[in-house]
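So the chains spell out like this:
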Amino acid sequence: MTQAPKPQPHPAFAQIRADRAANIQLRVADWITKFAGSMNFVYIHAVGFAAWMIFFEKSPWPTLTLAVSLEAIFLSTFVMIGQNRQADFQQAKADHDFQEQELELKTNTELTRAIHAMTAELHRRLIEDPDQRKN
């Protein structure tokens, strides 16, 4: 059984992926965003917070509230980084697609003009100038 070829990524996406791979800060932010959006993150926090409240502090709420608030601040920043990454990709994709569509439009226009010129020449030779067919 032949395996289907792996689809090629959009050129804009490939470029953005390469740019992000070259920057360690963006790679770290991507890793944190990916991890924070996983169920492992939820499980670790549920166990960690439960253990903290049950075993480590008699009055965990003030410290726990501070920790959770700080974490929320950082996680919201990573969400915004992810949104910026997505916006960059969408803009690069839109720019690339626009350029490709303009090139295709130009090519189609040139082909249409060439077909029109050939059709006009055939019409001229076959319809307008029938005496030339006998020669």
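The structure displayed is predicted, hence computed values, not measured ones.

Asker: Got a minute to help me understand the packing of aromatic side chains in this structure?
Answerer: Each aromatic ring pair is described using two quantities: the centre-to-centre distance and the angle formed by the ring planes. One pass over the structure, following the stated rule, counts 2 aromatic pairs. Plain terms: the ring middles of W31 and F35 are 5.6 Å apart, the flat faces sit at 5 degrees to each other, and that makes the pair stacked. Placement of the pair is W31 and F35 together in helix 2 (residues 24-36), with a separation of 4 residues, close to one helical turn. Here W31 falls in the exposed class, since its relative accessible area comes to 56%. Taken together, a centroid distance of 5.7 Å and an interplanar angle of 85 degrees make the contact between F35 and F41 edge-to-face. With a relative accessible area of 29%, F35 lands in the partly exposed category. For F41, a relative accessible area of 14% corresponds to the buried category.

Asker: Which parts of the structure should I look at to understand helix 3 (residues 39-56)?
Answerer: Count 3.6 residues to each turn of an α-helix, and residues three or four apart come out pointing the same way. Spanning 18 residues, helix 3 covers 24 Å between terminal C-alpha atoms, matching the ideal 26 Å at 1.5 Å per step. Turning to helix 3, its buried residues number three or more, namely F41, H45 and W52. Projected down its long axis, helix 3 shows its buried positions confined to an angular sector of 35 degrees, all on one face. Turned more than 90 degrees from where helix 3 packs its buried face, V47, I54 and F55 sit exposed. Among the structural elements, helix 2 and helix 4 (61-128) are those in contact with the buried residues of helix 3.

Reading guide: rules and limits
Residues numbered from 1 in each chain as written. Predicted model: local features only at pLDDT ≥ 70, side-chain atom pairs only at ≥ 80, totals over all residues. Heavy atoms only, no water. Phe/Tyr/Trp six-rings, centres within 6.5 Å; stacked < 30°, edge-to-face > 60°. Helix = DSSP H or I, 4+ residues; strand = E, 2+ residues; numbered from the N terminus. Buried < 20%, exposed > 50% of the residue type's maximum accessible area, 1.4 Å probe, protein only. Expected span 1.5 Å × (residues − 1). Arc of directions from axis to C-beta. Contact = heavy atoms within 4.5 Å.

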